[in-house]
Amino acid sequence: MDGSSLPEIRSTCPYCGVGCGVLLRGDGHGGLTVRGDTDHPANKGRLCSKGSALGETVGRAGRLTTPLVNGAPSDWNSALDLVASTLTRTIAEHGPDSVAFYVSGQLLTEDYYVANKLMKGFIGSANIDTNSRLCMASTVAGHKRAFGTDTVPGTYEDLDEADLVVLVGSNLAWCHPVLHQRLLAARKARPQMKLVVIDPRRTASCDGADLHLALKPGSDVALFNGLLAQIAAQGAIDGDFAPHLDGLEAALASARADDTAQTGLDPASLGAFFDLWIGTKKVVTVFSQGVNQSSSGTDKVNAILNCHLVTGRIGKPGCGPFSVTGQPNAMGGREVGGLANMLACHLDLENPAHRDAVKQFWSAPAMPEQAGLKAVDLFRAVAQKRIKALWIIHTNPAVTLPDASAVRTAIEGCDFVVVSDVTGATDTARLADVLLPATAWAEKSGTVTNSDRTISRQRAALAPPGATRPDWDTLAEVGRRMGWAGAFDYRSPAQIFREYAALSGIAGAFGRDFDISGLSEISDTDYEGMPPQRWPVSATKTGGRFFADGQFFHADKKARLIAVRNSAPKHAPDAERPFLLNTGRLRDQWHTMTRTALSPRLSAHRPEPFAELHPADAAALGIGQSDLVALSNELGQVIVRAQITDAVAQGQIFVPMHWTGETAPTARIDTLVRAVTDPVSGQPESKASTVSISRFAARWYGFAISTDGFRPKAEYWAVAKTASGTRAELAGMSDPADWESWARDLFGLPHASLQSVSDETRGLHRLAFEQDGRLLAALFISREPVAVMRDYLSSLPGTDAPEALSGRTPPNRPDPGPIICSCFGVGMNTILAAIETDGLSDVDAIGAALKAGTNCGSCRPEIAALLARASAREAAE
Amino acid sequence: MRQKLVIVGAGMAAGRLLDRLSAAPARYDITLVNAEPRGSYNRIMLSPVLAGDKAFADIVTHDEAWYRAQGITCQFGQRVDTLDRDGKLVTLSDGTALPYDRLVLATGSMPFMPPLPGIGLAGVISYRDLEDTRTMMDLRAGQRAVVLGGGLLGLEAAAGMAARGIKVSVVHLNTHLMERQLDAEASALLRTELEARGINIHCGAQSQSIVGSDGRVQALRLEDGRDLPCDLLVIATGIRPSVALAQSAGLTTARGVTVDDRMTTSDPAILAIGECTEHRGQTFGLVAPVFDQADVAARILAGQEATFTPREISAKLKVTGCDLFSAGDFDGGRDTETIVLRDPARSRYRRLVLRDNRIIGIVLYGDTSDGPWFFDLMKARADVSLMRDALIFGQAYAAASRHGMAA
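As the structure is a computational prediction, the values presented were derived from the model and not from experiment.

Residues and elements named next belong to chain A. Taken as a whole and assessed by the stated rule, the structure comprises 36 aromatic pairs over all chains. A centroid spacing of 5.9 Å and a plane angle of 70° characterise the contact between Phe547 and Phe553, whose relative ring orientation is edge-to-face. Using a relative accessible area of 15% as the deciding quantity, one classes Phe553 as buried. Ring geometry for Phe703 versus Phe780: centroids 6.3 Å apart, planes at 40°, classification tilted. Highlighted residues: Phe703 in strand β27 (residues 700-706) and Phe780 in strand β32 (residues 774-782), separated in sequence by 77 residues. When sorted by exposure, Phe703 lands in the same class as Phe780, which is buried.

And the structure:
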């Protein structure tokens with residue numbers, strides 16, 4: 001059976017906040033085929049590399065399928081009794097604030113709703129926070145300050161209609177590839193549309209941009225204050241809209257007091273940007289983590305919002321500030337009250353009227369009156385033993401929180417830790433006292449909200465394995481076992497959704513934005529078939545944009561202009577730690593890689609953690625391409641591969657955030673991120689830590705391939721999945737006594753036949769293990785960073801490969817090079833060769849010749865960069 | 001007036017010399033004397049003849065028609081009885097007297113026969129010429145043979161007989177076979193391969209005596225008292241240069257006939273080439289330097305200048321399916337570095353010994369296709385540092401990776 005007779009199921013991609021519709025079809029063997037849903041408004045059929053590879057991530061290997069208590073298999077009844085009784089006892093002994101939930105933008109709205117209800121309405125604490133704190137909190141705070149609610153004013157259609165799109169702190173090409181593709185398509189249709197990128201780093205999003213402003217890290221407020229001052233100076237303030245605004249003078253005074261020189265940008269570029277922005281009515285300013293993850297993140301958001309508000313460029317087709325979210329249901333979490341300082345349905349915890357209304361609706365026995373602990377503070381409280389019972393759901397704070405080592409230690413030291421996840425193989429899950437097996441994306445049913453307020457259904461396409469359960473069910477069961485049977489008598493996501501929609505009607509009655517009460521009577525059948533729809537959905541308003549009418553959600557209906565001043569990142573580079581550390585996402589990985597690392601083609605894009613470092617800095621420090629480097633500060637040390645590139649400015653380093661104790665234990669970059677937070681939003685400053693950097697002088701370097709997974713014992717290692725098994729980079733500080741036994745131990749191959757090459761005096765050792773003429777594993781050791789054709793070698797395990805130890809393709813067979821196009825596995829050398837020999841000159845021609853970039857298109861910026869590189873070389877010759 | 005040139009011996013050295021001389025304007029009347037009743041054949045190809053891979057006709061390099069065409073007078077089946085240097089005259093075993101102006105000694109070598117009791121028994125032979133080969137070929141399948149000596153020649157004899165269904169044992173004094181050409185690891189692979197062909201190998205075995213009955217060999221007795229029964233005992237314990245004629249004529253000899261760089265003996269009218277010679281203290285057993293000597297001698301005889309420089313030599317075992325290649329100093333030692341490829345699953349082994357990033361020793365077992373390339377690098381003293389990572393994988397891989405590879 002190939003699954004072709006199975007129905008295609010409409011669902012939503014579980015990665016970024018674009019919220020693309022996907023069509024899933026089981027293959028009859030537990031796998032899925034995935035394609036973009038042409039009917040979904042978010043993506044209209046497009047998918048990025050990650051979405052296209054979803055089918056490779058749904059296998060059952062590595063799944064947690066039974067509850068574990070203290071590492072031993074248990075049953076749900078015992079495990080849930082233990083969770084419920086421990087929570088109850090902890091509350092009884094230490095009060096409700098001694099327990100906390102740390103949840104995730106990976107949760108569906110229904111899961112999120114039940115978790116929030118359990119904590120805020122029944123346990124009686126507000127100690128529920130979500131990993132959206134690391135991602136969206138500054139935007140939430142900025143929106144609330146300006147609008148009175150956390151409202152995204154515009155829609156994705158604005159990107160199609162804008163005449164100028166400004167990307168601020170957003171590598172849209174990699175982090176929201178489908179939106180970026182949409183943007184590029186719009187520019188192609190309307191070439192007059194301009195694109196400006198504001199980012200200290202030259203990212204893939206800069207390819208094809210009209211202007212890239214590589215401002216000094218953290219100086220966004222100075223830039224937008226400069227813009228605001230220019231708007232005023234050029235008389236571009238919208239007089240008709242101004243009556244709807246409050247605080248204009250103070251904001252302007254503050255803006256004028258700031259000095260755009262703080263951006264480090266030359267006046268000509270600044271002037272060009274200001275003129276372009278001011279002169280273009282239809283302007284969308286897209287912002288993301290570069291804005292949010294900052295000690296002044298909320299101020300940055302308001303600096304942007306100020307400019308849109310004073311020009312009235314908000315809520316109208318083709319214009320507005322636009323926050324793009326990082327997670328599939330970050331928005332749902334915000335709506336449902338997943339943040340410690342929110343109630344539910346955009347109601348305020350600290351507002352007694354709101355609180356009472358919700359309390360009454362829930363028949364809640366206990367409601368907190370104050371905001372709970374935000375993520376960073378929450379884990380501080382764990383470290384201080386003020387939190388004695390902690391339930392972590394679908395997130396990996398031991399890796400992702402700032403000062404991650406301290407967080408890991410805190411979790412380890414907590415009296416009672418429950419972790420719900422789809423796998424036990426995460427840094428956090430390994431610390432759990434109780435590990436609860438959850439259904440995974442393809443097995444779950446519920447709703448998610450994307451960056452433009454579109455609520456989409458996620459539908460189960462695969463049967464849940466083993467004893468896995470949906471999170472809403474687990475949470476409700478704990479609620480029932482804690483004595484609240486009636487309040488948590490949920491039988492289906494639809495039932496939860498109806499309750500949630502009904503509650504939103506109360507919010508609507510308070511005049512809040514989030515009102516989907518029009519769906520509160522939705523039948524199970526209609527819920528099942530519910531098409532994507534943008535909130536609000538109420539008697540008074542359905543979908544559309546907000547604020548063009550000047551009606552905001554503060555009591556006086558006016559928007560607030562916030563007087564903000566530029567403030568540099570909390571820690572400035574100094575002699576001891578002269579580098580500013582930026583962190584972020586890669587194109588083909590997601591968060592801590594629990595899903596994307598399962599996909600060979602996604603893993604091929606960047607199979608190893610790295611630090612981007614400017615060539616001048618590298619030269620000064622004696623660091624060569626492919627050396628390992630150690631980054632350190634007082635919090636710890638990280639070891640990754642050097643990637644020397646002028647995409648980063650001198651004095652700056654970029655390290656991706658994805659690697660963990662499971663994939664590269666020395667590359668847990670958040671161990672170097674200080675727990676500095678924005679005073680308003682509580683969001684950590686994840687992109688501006690200070691570090692020193694030096695060459696990591698390993699005694700030996702290694703590269704390994706195997707048909708099976710393995711976990712090296714070495715000072716440095718990074719593993720990645722391949723189509724034929726696993727590949728790994730390694731480095732160590734001392735030679736083992738005997739490489740053969742070390743390698744046999746590494747691969748777990750005590751008896752396989754060995755082929756070896758040794759050049760003892762040079763420290764070169766190459767070992768291949770075979771069985772029945774098939775290569776099982778190979779290890780390449782050298783005193784220098786290992787020079788072999790990695791992508792080729794990674795294809796060999798499982799095949800007859802007698803010359804594998806040569807480390808290269810057979811002579812006369814070209815090396816495809818690092819994979820650029822994940823969808824079709826096209827390597828960089830292949831593309832460069834095609835450019836050179838066939839004289840290809842644009843991305844489409846390369847697509848026609850090699851198929852590269854013709855599926856998801858996520859690699860098109862990289863192909864464009866290769867073309868630019870090739871033509872630059874040609875010009876130089 | 002043409003000069004008279006007498007060549008004593010029609011082995012491979014003499015064959016090569018004649019090839020080279022015939023290419024030059026004829027200035028000599030040549031007489032070729034040979035104890036074997038035939039002209040030159042490729043002696044190193046006797047093993048394939050023994051193994052049945054080739055016929056004798058295939059390995060003849062110079063037949064009667066060729067000698068006739070070249071106008072060479074052949075005296076085959078004749079030994080030289082006396083050499084009168086003063087009278088410039090050689091006398092053959094049948095009494096024929098041959099005056100000469102120039103004389104070339106190419107008398108080759110004799111097998112070394114160890115002084116074991118019973119060495120003179122019938123059925124105890126060496127492995128030197130076609131007659132020895134035929135003796136081995138005359139054994140019937142199922143008969144037993146012992147080969148004393150596990151060097152290149154002994155193993156070729158053993159493998160050749162084994163291929164004919166003879167039950168063969170090899171007795172070798174050293175702890176591993178072919179120790180002059182192979183390191184212990186390659187040798188072990190070779191041993192495994194030979195044993196797989198049914199050959200019994202006794203290494204580290206000291207022979208005590210040859211047991212016989214009615215004047216015919218019955219067994220080789222070892223020091224430990226074991227008897228290895230056999231119908232034929234082949235002695236392959238090395239060769240000694242044939243110097244008897246030279247000595248009797250008063251030429252300077254040491255282990256071999258002493259020659260200078262111009263292949264000239266202590267008598268300016270007499271040259272010597274091949275396995276009978278000793279040059280700067282070195283004797284010769286492999287074909288490549290012997291050919292070089294013949295080339296030098298040809299030029300000297302043609303009145304040109306030439307000097308012989310001993311070159312690096314390589315060795316191959318001519319046993320089908322047992323490919324090995326050996327050259328230089330493969331034992332290593334001070335200041336040397338070793339690159340080793342071990343691939344027992346494919347019976348493949350490669351060892352390169354380097355000094356200062358230059359190859360000084362090569363041992364290849366299994367796949368010897370890159371032997372000549374490594375050997376060329378060795379002879380050229382080429383610096384291999386830029387291709388060192390892939391060097392052991394041979395020419396194609398190393399050359400390809402010389403262009404560099406990004407990590």
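Residue and element names in this part refer to chain B. Strand order across the open sheet formed by five strands is β9-β16-β10-β11-β12, with parallel pairing between neighbours. Sheet topology places β9 (124-126) and β12 (200-202) at the edges, where each strand pairs with a single neighbour. Within this sheet the neighbouring strands show an average axis-to-axis angle of 20°, counted without direction. The sheet contact formed by strand β10 (residues 144-148) and strand β11 (residues 167-171) spans five bridges and is parallel. Across the sheet, residue Ala145 finds its bridge partner in β11, namely Val168. Each of β9 and β16 (232-235) touches helix α5 (residues 130-137); the most contacted strand, β9, lies at about 135° to it.

With that settled, consider the interface of chain A and chain B. By convention, interface size is frequently given as the accessible area that disappears when the constituent parts associate. Taken together, the contacts link 29 residues of chain A with 22 residues of chain B. Interface area, chain A with chain B, both sides summed: about 2100 Å², of which 52% is carbon and sulfur. The three residues of chain A that bury the most area against chain B are Glu803, Arg808 and Pro811 of chain A, which together make up 22% of that side's buried surface. Notably, a salt bridge pairs Arg348 of chain B with Glu803 of chain A, separated by 3.0 Å at the nearest N-O pair. Among the elements of the structure, β30 (753-759) and β31 (764-771) of chain A are those that each provide at least two residues to the side of chain A that touches chain B. Per-element accounting of the side of chain A that touches chain B gives the leading share, seven residues, to β30 of chain A. Its residues assigned to classes, the side of chain A that touches chain B comprises eleven nonpolar, nine polar and nine charged.

Before going further, it helps to spend a moment on unusual backbone geometry. What you tend to see is this: most non-glycine residues have negative phi, and most peptide bonds are trans. With an omega of 5°, the peptide bond between Trp535 of chain A and Pro536 of chain A qualifies as cis. Among the structural elements, Pro536 of chain A can be located in the loop between β19 (533-534) and β20 (559-560). In this model, Arg280 of chain B sits at a positive phi of 50°, which is unusual for a non-glycine residue. Overall, Arg280 of chain B belongs to the exposed group, its relative accessible area being 65%.

In this section: the side chain of Arg313 of chain A. Residue and element names in this part refer to chain A. Its location among the elements puts Arg313 in the loop between α12 (297-310) and β13 (320-323). Separated by 3.1 Å, the side chain of Arg313 and the backbone oxygen of Thr280 make a polar contact. Excluding residues within four positions of it along the chain, Arg313 makes contact with Trp277, Ile278, Thr280, Lys281, Val283, His308, Cys319, Gly320 and Pro321.

Our focus in this paragraph is the sheet that holds strand β4 (residues 80-84) of chain B. Residue and element names in this part refer to chain B. With antiparallel pairing, the three strands of this open sheet are ordered in space as β4-β5-β6. Bordering the open sheet on either side are β4 and β6 (97-99), each of which pairs with just one other strand. Taking the axes of each pair of neighbouring strands and ignoring which way they run, one obtains an average angle of 20° across the sheet.

Residue and element names in this part refer to chain B. With 15 residues, helix α9 (residues 287-301) extends 21 Å between its outermost C-alpha atoms, agreeing within 8% with the 21 Å of an ideal straight helix rising 1.5 Å per residue. For α9, a buried count of eleven out of 15 residues is recorded, marking the element as mostly surrounded by other parts of the structure. Taken together, the buried positions of α9 are Pro289, Val290, Asp292, Gln293, Ala294, Asp295, Val296, Ala297, Ala298, Ile300 and Leu301. Among the residues trailing α9, Gly303 stands out with phi positive, at a value near 85°.

What follows concerns empty space enclosed by the protein. If you walk through the whole model with that rule in mind, you get one cavity of 30 Å³ or more. The volume enclosed by the largest cavity comes to roughly 90 Å³.

Moving on, we get to the confidence of the model for chain B. All names here are of chain B. Scored by pLDDT, chain B has a mean of 91; 97% of the residues are at 70 or more. Considering only residues more than four positions removed or in separate chains, one finds that residues 403-407, a stretch of pLDDT under 50, has ten contacts. For this predicted complex, the interface score ipTM comes out at 0.83, while the overall pTM is 0.88.

Here we take up the side chain of Thr596 of chain A. All names here are of chain A. Of note, Thr596 is situated in the loop between β21 (579-584) and α21 (600-605). Overall, the relative accessible area of 0% leaves Thr596 in the buried class. Beyond its immediate sequence surroundings of up to four residues, Thr596 is in contact with Tyr15, Lys50, Asp588, Gln589, Trp590, Leu602 and Ser603.

How each quantity is defined
Residues numbered from 1 in each chain as written. Chains lettered and ligands numbered in written order. Predicted model: local features only at pLDDT ≥ 70, side-chain atom pairs only at ≥ 80, totals over all residues. Heavy atoms only, no water. Phe/Tyr/Trp six-rings, centres within 6.5 Å; stacked < 30°, edge-to-face > 60°. Buried < 20%, exposed > 50% of the residue type's maximum accessible area, 1.4 Å probe, protein only. Helix = DSSP H or I, 4+ residues; strand = E, 2+ residues; numbered from the N terminus. Pairing = 2+ DSSP bridges. Axes fitted to C-alpha atoms, helices over the stretch in contact; angles between N-to-C directions. Contact = heavy atoms within 4.5 Å. Buried area = accessible area lost by both parts, 1.4 Å probe. Salt bridge = Lys/Arg side-chain N within 4 Å of Asp/Glu carboxyl O. Nonpolar A, V, L, I, M, F, W, Y, C, P; charged D, E, K, R; others polar. Polar contact = N/O pair within 3.5 Å; in protein donor to acceptor, adjacent residues only side chain to side chain. Expected span 1.5 Å × (residues − 1). 1 Å grid on protein atoms, 1.4 Å probe; cavity = no way out; pocket = protein on both sides within 12 Å on 5 of 7 lines; lining within 4 Å. Points joined across faces, edges and corners; volume = space filled by probe spheres on them. pLDDT = per-residue confidence, 0-100.

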